[in-house]
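# Secondary and tertiary structure notes
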Amino acid sequence: MKALLALEDGTWFEGRSFTGMGEAEGEVIFNTGMTGYQEILTDPSYMGQMVCMTYPLMGNYGINPEDVESEKIQAAGFITRECCQIPSNWRSTQSLPDYLRGQKIMGMEGIDTRALTTHIRKYGAMRGVMSTTENDPGKLAQRALQLPHMEGLNLAEKAGCSKPFAWTEWGPIQADLNQDGSYDWPGSGGRVLVYDYGIKWNILRLLKAQGLELLVVPWNFGVQEAVKVAPDGVFLSNGPGDPAAMTKSIEIISGLLEKFPVAGICLGHQLLGLAMGASSFKLKFGHHGMNHPVKDMSTGKIEISSQNHGFCVNIDHLDFLEQTHINLNDNTLEGFRHKNRPVMAIQYHPEAASGPHDSRYFFSRYREMISES
Ligand SMILES: NC(=O)CC[C@H](N)C(=O)O
């Protein structure tokens, strides 16, 4: 079925919808991963964004129930050169078109994804609308202009959980706090209070694999509440939207920093930076892919990393922070730690899902940090 994609600057593309009639809108970004579409679609950090895959064929190994990063598709739309209708893989239980259609998320194929990517690289990520019903690209472009800018959008406070839960080897289970606000931690591993801004499940899987006990709480879990559950450390998750718009979360994190060792990934890294006086800014087209070279300044080693962020933080003026990781493509900040307190964070994704496993040492460094403090 014929479909149009129009960007806010009037550029438009004609292609086909492979999910039937529909519409989708959001910030159009590109991801350079060759595989991993299922993890990408279910990553809550993509909320409000339509993802254009630069690799030309998606869907060939289908969909399986295990490779999910949250309970549903989170991206606003999916754009590919070609979508495979008949997948082949022993784990596959569904095709990519059926998966998207089942959750009413529009998928579009048959457009020149290289031209779209080159355009975004040149002019930056921009708002877009795709539709099978509107034939006038000018009207779609007008609609794109009406969408909210990603800058200033507080999405993460809606993306995370609304009630605490525990993460076990088998996945999430309900967690009940006691009347007095304390929590009966089930095991003897280090106790971690995880702030959920739209967390990827592989972060929880890998923290759990370190032998840690995990209590996951909503963004607005207060400092006094945190003190009552008495964790050994706090962990701040990834998530969608603009970190600078999350003023209440930043305030809570400033309070948490006074009391606990704290670490963060991606949005968590940005929020932690902002809570300590850093500033944040939007990157032109962001980093979305699985092959970003990052240098670990403490070992000198280069990791090939999985990344998904549109914003970045600047800590140059904060001399109590040390830059620990740097992106070798554009020299942007990829990680920092506090020089004399147990605080560390990285901008990229050590849990990958999907992506290379080079950076998994982050989880054992975190376990060591909380056991030493
Ligand atoms: N993966 C993430 O946590 C993304 C963080 C933030 N929303 C950004 O785009 O920069």
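Keep in mind it's a predicted model, so treat the numbers as computed, not measured.

What counts as what
- Residues numbered from 1 in each chain as written.
- Predicted model: local features only at pLDDT ≥ 70, side-chain atom pairs only at ≥ 80, totals over all residues.
- Heavy atoms only, no water.
- Helix = DSSP H or I, 4+ residues; strand = E, 2+ residues; numbered from the N terminus.
- Buried < 20%, exposed > 50% of the residue type's maximum accessible area, 1.4 Å probe, protein only.
- Polar contact = N/O pair within 3.5 Å; in protein donor to acceptor, adjacent residues only side chain to side chain.
- Arc of directions from axis to C-beta.
- Contact = heavy atoms within 4.5 Å.
- Pairing = 2+ DSSP bridges.
- Axes fitted to C-alpha atoms, helices over the stretch in contact; angles between N-to-C directions.
- Near = heavy atom within 4 Å.
- Areas by Shrake-Rupley, 256 points an atom, 1.4 Å probe, with all protein chains shown as cover.
- Nonpolar A, V, L, I, M, F, W, Y, C, P; charged D, E, K, R; others polar.
- Salt bridge = Lys/Arg side-chain N within 4 Å of Asp/Glu carboxyl O.
- Phe/Tyr/Trp six-rings, centres within 6.5 Å; stacked < 30°, edge-to-face > 60°.
- UniProt positions renumbered as here; feature names shortened; annotations may be inferred.

Further remarks concern the side chain of His-309. Relative to the helices and strands, His-309 is located in strand S17 (residues 302–314). Relative accessible area serves as the criterion here: at 3%, His-309 is assigned to the buried category. Engagement of the side chain of His-309 in a polar contact is seen with the side chain of Gln-307, the distance being 3.1 Å.

At 3.6 residues per turn, the α-helix brings residues three or four places apart onto the same side. Buried within helix H4 (residues 137–146) we find Pro-137, Leu-140, Ala-141 and Ala-144. In an axial view of H4, the angular spread of the buried residues amounts to 100°, which keeps them on one side of the axis. Structurally, H4 contributes buried residues whose contacts are with strand S1 (2–7), strand S2 (12–17) and strand S9 (126–131).

An order of S11-S10-S13-S12-S14-S15-S20-S19-S18-S16-S17 is seen for the 11 strands of this open sheet, with the pairing classed as mixed. Two strands lie at the open edges of the sheet, namely strand S11 (171–174) and S17, each paired on one side alone. On average, adjacent strands in this sheet sit at an angle of 25° to one another, irrespective of strand direction. Relative to strand S18 (residues 321–327), strand S16 (residues 279–296) runs antiparallel, the two sharing 3 bridges. The partner of Lys-295 across the bridge, within S18, is Ile-326.

Read around the closed barrel, the 7 strands follow the order S1-S2-S8-S6-S4-S3-S9; overall the barrel is mixed. Between one strand axis and the next, the sheet turns through 35° on average, direction left out of account. With 3 bridges connecting them, strand S6 (residues 77–79) and strand S8 (residues 106–109) associate as parallel partners. Note that in S8 the partner of Gly-77 across the bridge is Met-106.

In the vicinity of the ligand, 13 residues are found, and the nearest of them are Gly-239, Gly-241, Asn-308, Gly-310 and Phe-311. Here a nitrogen atom of the ligand and a backbone polar atom of Asn-308 are 2.8 Å apart. Within the side chain of His-349, one N or O atom sits 3.2 Å away from a nitrogen atom of the ligand. Across the complex, the protein chains shield 97% of the 300 Å² of accessible surface that the ligand would expose by itself. Where the shell around the ligand is concerned, the elements lending two or more residues are helix H9 (267–275) and S17. Take the shell around the ligand: its biggest share by element is 4 residues, from S17. In terms of residue class, the shell around the ligand is made up of 4 nonpolar, 9 polar and no charged.

A few words on the pattern of salt bridges. Counted under the stated rule, the structure contains 13 salt bridges. Through salt bridges with shared partners, a single network forms among Glu-23, Glu-25 and Arg-143.

Here we take up the packing of aromatic side chains. A complete count under the given rule lists 6 aromatic pairs for this structure. Plain terms: the ring middles of Trp-167 and Trp-201 are 5.6 Å apart, the flat faces sit at 50° to each other, and that makes the pair tilted. Of this pair, Trp-167 sits in strand S10 (residues 165–168) while Trp-201 sits in helix H6 (residues 201–209); the two residues are 34 residues apart in sequence, bridging distant segments of the chain. We note that Trp-167, like Trp-201, is buried. Ring plane angle 80° and centroid distance 5.1 Å describe the contact between Phe-235 and Tyr-366, whose orientation is recorded as edge-to-face. Highlighted residues: Phe-235 in strand S14 (residues 233–236) and Tyr-366 in helix H10 (residues 361–372), separated in sequence by 131 residues. Residue Phe-235 is classed as buried on the basis of its relative accessible area of 0%.

For the rest of this paragraph, the subject is the environment of Asp-184. Residue position: Asp-184 is located in the loop between S11 and strand S12 (191–196). Judged by relative accessible area, which is 54%, Asp-184 ranks as exposed. Along the sequence, Asp-184 and Gln-74 sit 110 residues apart, while their C-alpha atoms lie 32 Å from each other. Engagement of the side chain of Asp-184 in a polar contact is seen with the side chain of Asn-178, the distance being 3.2 Å.

When the UniProt feature table is mapped onto this chain, "active site" (unreviewed entry) is found at Cys-266, His-349 and Glu-351. On the basis of their most widely separated C-alpha atoms, the annotated residues across 86 residues gather in one place, lying no more than 11.1 Å apart. Mapped onto the elements, Cys-266 comes out in the loop between strand S15 (262–265) and H9. On the basis of relative accessibility, which here comes to 3%, the residue Cys-266 falls in the buried class. Discounting chain neighbours no more than four positions away, the residues touching Cys-266 are Asn-238, Asn-308, His-309, Ile-346, Gln-347, Tyr-348 and His-349. Here Glu-351 lies in the loop between strand S20 (343–346) and H10. With residues near it in sequence (within four places) discarded, Glu-351 still touches Lys-200, Asn-202, Ile-203, Leu-206, Ile-265 and Phe-363.

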